[in-house]
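# Observations on chain architecture
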Amino acid sequence: MSVLVLTLAVSAACCVGLGFVLQQNAAQQAPLSDFLSPRLLLDLMRVPRWLGGIALMAAGMGLGAVALSRGEVSLVEPLLATNLLFALTLSRRQTRQPLGRQGWTGLALLAGGVTAFIVAGRPRSGSAVTDPLRHWLIVGALVGLALLLTAYAKRSRLSWGPVLLATAAGLLYGVQDALTRVSGQRFAAGGWTELLTGWQPYAVLVLGVTGLVLVQSAFETAPLRMSLPALTAAQPLTGIACGVGFLGDRLRTDTGALVWEATGLAAIVTGIVLLGLHPAMPCGATAPSPARGLQRR
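Report follows, based on the coordinates.

The rules we used
- Residues numbered from 1 in each chain as written.
- Predicted model: local features only at pLDDT ≥ 70, side-chain atom pairs only at ≥ 80, totals over all residues.
- Heavy atoms only, no water.
- Salt bridge = Lys/Arg side-chain N within 4 Å of Asp/Glu carboxyl O.
- Buried < 20%, exposed > 50% of the residue type's maximum accessible area, 1.4 Å probe, protein only.
- Helix = DSSP H or I, 4+ residues; strand = E, 2+ residues; numbered from the N terminus.
- Phe/Tyr/Trp six-rings, centres within 6.5 Å; stacked < 30°, edge-to-face > 60°.
- Contact = heavy atoms within 4.5 Å.
- 1 Å grid on protein atoms, 1.4 Å probe; cavity = no way out; pocket = protein on both sides within 12 Å on 5 of 7 lines; lining within 4 Å.
- Points joined across faces, edges and corners; volume = space filled by probe spheres on them.
- Nonpolar A, V, L, I, M, F, W, Y, C, P; charged D, E, K, R; others polar.
- Core = buried A, V, L, I, M, F, W, Y, C linked by side-chain atoms within 4.5 Å.

### With respect to the pattern of salt bridges
Going through the model one piece at a time under the given rule, you end up with 4 salt bridges. Put simply, Arg-46 and Asp-43 hold a salt bridge, and the shortest N to O gap is 3.6 Å. Here Asp-43 falls in the buried class, since its relative accessible area comes to 17%. A salt bridge links Asp-249 to Arg-181; the shortest N-O distance between them is 3.5 Å. Of this pair, Asp-249 sits in the loop between α10 (224-245) and α11 (255-276) while Arg-181 sits in helix α8 (residues 161-196); the two residues are 68 residues apart in sequence, bridging distant segments of the chain. Here the two residues Asp-249 and Arg-181 agree in accessibility, since each one is buried.

Structural data, given as structure tokens:
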């Protein structure tokens, strides 16, 4: 594994994790009438803390894009999942909660799972699938699932809605990461002309904005501990599926390797859930009201 890719991916995770906490701090004060509306972003743009969180997230996405251009999606995505560690670090400073057994267990499972998956799978580049039908089927299935989750979340916004929205956003962000990799390859092959004549960069932009609306809607209606685990778990799993499905990423497929890869992914998801549900994560607004106003924080 390239030290540069490792550094870029972990730095991206740091920026994204810290940015998520700042965004949720601000979004939890947004009017519930903005739920799943682009107007939510316009309202949040007036909040300095949210803008700081978005700036960190944008920096993380930029670093992640460079990492994806230099390494396989199946390698970078598990590393990006460590953003939860940095989110928990900032949250602990705000809530002054000790890490405790749950935190240390979650940390060990997340770090161990990422290590096990990468060591066992040995992600490496291969020949990308050129059949456009396969691209559209995989991307369409994942985006369709995200839309289905969003539709159901709209009906249950204050119960399971935030979890479903965060999962949908994670699916979109995973697809966005894969298409970012494709866009980078097109740019490397033919410059701006090759990049801008493909549909991928425009899809990256649409997926990014849509995912942002979903994430902020999840943040405004529930504690971070409800939404962030689902978001953090769905994104790497989706990215790995795209990497193996049509980007040509190769993983070891002997029985022992597959067992360790599956164990690593299970440990990653379990660690994410334990860390995301940690008491140190901000609990958000205790009594959300449809009429609540947006406060400057």
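Following the structure, the description resumes.
### A closer look at unusual backbone geometry
The phi dihedral of Arg-122 is positive, around 45°, even though this residue is not glycine. Along the chain, Arg-122 falls in the loop between α6 (100-121) and α7 (132-155).

### Details of the packing of aromatic side chains
This structure, assessed with the given rule, holds 3 aromatic pairs. Taken together, a centroid distance of 6.0 Å and an interplanar angle of 80° make the contact between Phe-20 and Phe-219 edge-to-face. Pair noted here: Phe-20 is in helix α1 (residues 3-27) and Phe-219 is in helix α9 (residues 200-221), with a separation of 199 residues, a long-range link. Phe-20 gets classed as buried once you look at its relative accessible area, which sits at 3%. A relative accessible area of 1% means that Phe-219 is categorised as buried. A ring pair is formed by Phe-187 and Trp-192, whose centres lie 5.0 Å apart and whose planes are at 70°; its orientation type is edge-to-face. The class for Trp-192 is exposed, based on a relative accessible area of 58%.

### So, the environment of Leu-40
Examined against the element boundaries, Leu-40 turns out to sit in helix α2 (residues 39-44). The spatial distance from the C-alpha of Leu-40 to the C-alpha of Ala-27 is 8.6 Å, given a sequence separation of 13 residues. When neighbours within four sequence positions are excluded, Leu-40 is seen to be in contact with Ala-30, Asp-34, Val-213, Gln-216, Ser-217 and Glu-220.

### Overview of the layout of surface pockets
Approximately 540 Å³ is the volume found for the largest pocket. Going through the elements one at a time, α1, α3 (48-70), α4 (73-80), α8, α9 and α10 are the ones with two or more residues in the lining of the largest pocket. No other element matches the 8 residues that α3 contributes to the lining of the largest pocket. Broken down by class, the residue content of the lining of the largest pocket amounts to 17 nonpolar, 8 polar and 2 charged. Taken as a whole, the second largest pocket encloses approximately 160 Å³ of empty space. Looking at the second largest pocket, it is lined by 13 residues, and the ones nearest its centre are Val-139, Val-143, Leu-172, Val-206 and Leu-207.

### Topic: the side chain of Ser-217
Looking at where Ser-217 falls in the secondary structure, it is placed in helix α9. The contact partners of Ser-217, leaving out residues within four places of it in the chain, are Phe-35, Leu-36, Leu-40 and Leu-165.

### Quick notes on the nonpolar core
Judged by nonpolar contacts, the single largest core of 77 residues is most densely connected at Phe-20, Leu-228 and Leu-231. Here this core gets 13 residues from one element, more than from any other, and that element is α8. When neighbours within four sequence positions are excluded, Leu-228 is seen to be in contact with Phe-20, Leu-84, Ala-87 and Met-281.

Remember that the coordinates give geometry; whether it matters functionally is a separate question.
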